[in-house]
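# Structural description and commentary
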Amino acid sequence: MQADAIIQRSTPARKVIPIVPYSVKGRYRNIKSIILNIAFAVYFLLPWLPWHNKVGQALLFDIGNARFHVFNLVLYPQDLMVLMGVLVIAASLLFISAAMFGRIFCGFFCFQTLWTDAFRFIEKWIQGEAQARKRLQQAPWDARKLALIGSTHLLWLLLALATALTFTLYFAEAGTLLRQVIAGHAPVAAYITITVLTATTYVAAGFAREDICFVACPYGKFQGVMQDPSTVSVIYDQQRGEQQLGRKAPTAQLKTPQSRSEQGYGDCIDCGYCVNVCPTGVDIRKGFQIGCISCGLCIDACDNIMDSLKLPRGLIRFDKDENLQPALAGQNTPALAGQDKKAKQDHQQAQKNRQWMRWKRAAYAALLLGSIGFTWHAIENLSPYTAMVQQQRQPLVTQLADGSLRNRYQLRISNKSGVTETYRIEVHGLPEGSFKGWKQITIPAGKSYGSDFSITLPAPLAKSTSQFELGVVPSSQVQSRERFTVRYFSE
Ligand code: SF4
Ligand code: SF4
């Protein structure tokens, strides 16, 4: 049965009833709370973190001036490679975590999960535990209900507003923008962003909640492709939980593991606590389901029940499917030892699957290492400026009255450093006087200038010249000089 459930990746039809999950205490709840606190502290404080860089702010996405300040790094649109590298690293980490630990990202780190968790803390703080919240939902509207529901929504809105406001602070000098927003002098784009983000956070974390995971999140949909029997995920040990006769509430005769086992009952007492605490309403005892975000709360719930019954913990646990079904791991099983033909075929298939899984993980690891190396190299080679030479093609070559031939070019330099810089232009391998144009250009910080120049050569020399070297030397950082090989046309 467990195997069927795993293979089918069952997706039960969702009941459209609001989920009111019970509270639970335990190690995974504690881990989730610690991560939530750290994530909120980082998100809300990072725009305020002073830093010894040009803008005095650790993180600033300065869209107006087309540059990103990330601690001591200044990235420009030309440094797209660094951004690409970071995105590929993030994607590789996601693939690896999905292959090794299933939806652990969804359950512990996803913004949607974190903010929904925070909204649920507010709800519980004001309205009480799940039973009290359910009673309040069903109660007729009166002053008390109005006060409790109203204050919940007010705090939700304040948290959504703080979230949206903080987001905008990443795009400007935080203190200045905050003062402008409060005084009503901020750019219109800031107010639009704050309004839209406040509304979407309020709706997503207050109302849509797990529906985002079910309906909108693409990650959950392709999760099944990356997961395999050696992936660690939340599983219910069906053999232990059900034995031959299934689940049964504890009675005087069914209290110890021995007595339950002797009478053919498993350790699951069918209390339903694991389902009641699930934020997505999943019953993990039915096998792996797309709605399970691997948050581990059902593990805490079941461990609490097992503790109270003095039964061993781990009826629901983080584990690999193959540990429950050795055949999935390609291990020898009793059936195989007995030369069962079907078991042998399963065994061979499982071994092939394992080989494929090894290749898949090796590919993810290679992608991660490759992207880290690529990004590191891109950061190490970040230049304080970019320069580009373009040939003017209309016309490509001009013959002058004295018979000499002229090619025209445009040199564009972008000053990516934080200070005004003077760039010296050098031509190598051509006679003195063949270069006509600015021999040095001064460009303010963050600006980009274009400068036209031409190369004129006597006809015989022009005929034997197909390229020349152009050098750009920033005066204050001569070690960052660059040389370009530029084509020269004589016809
Ligand atoms: S089934 Fe368990 S791990 Fe999965 S979402 Fe529900 S509580 Fe979390
Ligand atoms: S919490 Fe444990 S004992 Fe209770 S229903 Fe779930 S699996 Fe069974």
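Everything that follows concerns the structure shown earlier in this document.
Residues numbered from 1 in each chain as written. Chains lettered and ligands numbered in written order. Predicted model: local features only at pLDDT ≥ 70, side-chain atom pairs only at ≥ 80, totals over all residues. Heavy atoms only, no water.

## Quick notes on the environment of P257
For the record, the criterion: Helix and strand labels come from DSSP, where a helix needs a run of H or I of at least four residues and a strand needs a run of E of at least two; each type is numbered from the N terminus. Under the scheme applied here, a residue whose accessible area is under 20% of the maximum for its type counts as buried, over 50% as exposed, and between as partly exposed, the area being computed with a 1.4 Å probe on protein chains only. Any two residues having at least one pair of non-hydrogen atoms within 4.5 Å are treated as being in contact.
Note on placement: P257 falls in helix α13 (residues 257–262). According to the relative accessible area criterion, P257 is partly exposed, its value standing at 29%. For the pair P257 and P312, spaced 55 residues apart in the sequence, the C-alpha separation amounts to 8.7 Å. Ignoring sequence-local partners within four residues, the contact set of P257 consists of D267, L311 and P312.

## Quick notes on the site of ligand 2
This is how it is decided: The cutoff for a nearby residue is simple: one of its non-hydrogen atoms must lie within 4 Å of the molecule or strand. Each residue receives one of three labels: charged for Asp, Glu, Lys and Arg, nonpolar for Ala, Val, Leu, Ile, Met, Phe, Trp, Tyr, Cys and Pro, and polar for the others, Gly being one of them.
The immediate surroundings of ligand 2 are formed by Y236, C268, I269, D270, C271, G272, C274, R285, C302, M306 and I316. Considered class by class, the residues forming the shell around ligand 2 number eight nonpolar, one polar and two charged.

## Quick word on the pattern of salt bridges
The condition that has to hold: We define a salt bridge as a contact between a side-chain nitrogen of Lys or Arg and a carboxyl oxygen of Asp or Glu at a distance within 4 Å.
A full pass over the atoms with the stated rule returns 21 salt bridges. In this structure, the salt-bridge partner of E123 is R209, at a minimum N-O distance of 3.4 Å. Here R209 lies in the loop between α9 (188–208) and α10 (210–216) and E123 lies in helix α5 (residues 111–127), a separation of 86 residues in the sequence. For the salt bridge of D270 with R285, the shortest nitrogen-to-oxygen distance reads 2.7 Å. Residue D270 is found in the loop between α13 and α14 (273–276), and its partner R285 is found in the loop between α14 and α15 (297–309); the two are separated by 15 residues along the sequence. Owing to a relative accessible area of 44%, D270 belongs among the partly exposed residues under this scheme. Because the salt bridges share partners, they merge into one network encompassing E242, R247, D270, D283 and R285.

## Remarks on the site of ligand 1
Around ligand 1, the neighbouring residues are V234, C278, P279, T280, V282, I284, C292, I293, S294, C295, G296 and C298. Among the residues forming the shell around ligand 1, the class breakdown is nine nonpolar, three polar and no charged.

## What to know about the environment of L60
Take L60: it is sitting in strand β1 (residues 59–62). Taking C-alpha positions, L60 is 8.7 Å from A174, a pair spaced 114 residues apart along the chain. Residue contacts for L60: discarding those within four places in its chain leaves V55, R67, F68, H69, Y170, F171, A172 and E173.

## A look at the pairing of strand β9 (residues 421–428)
When a strand is regular, its side chains alternate between the sheet's two faces. Threshold: When DSSP locates at least two bridges between a pair of strands, those strands are taken to pair.
Bridge analysis of β9 against strand β11 (residues 440–443) gives four bridges, and the strand direction is antiparallel. Note that in β11 the partner of Y423 across the bridge is I441.

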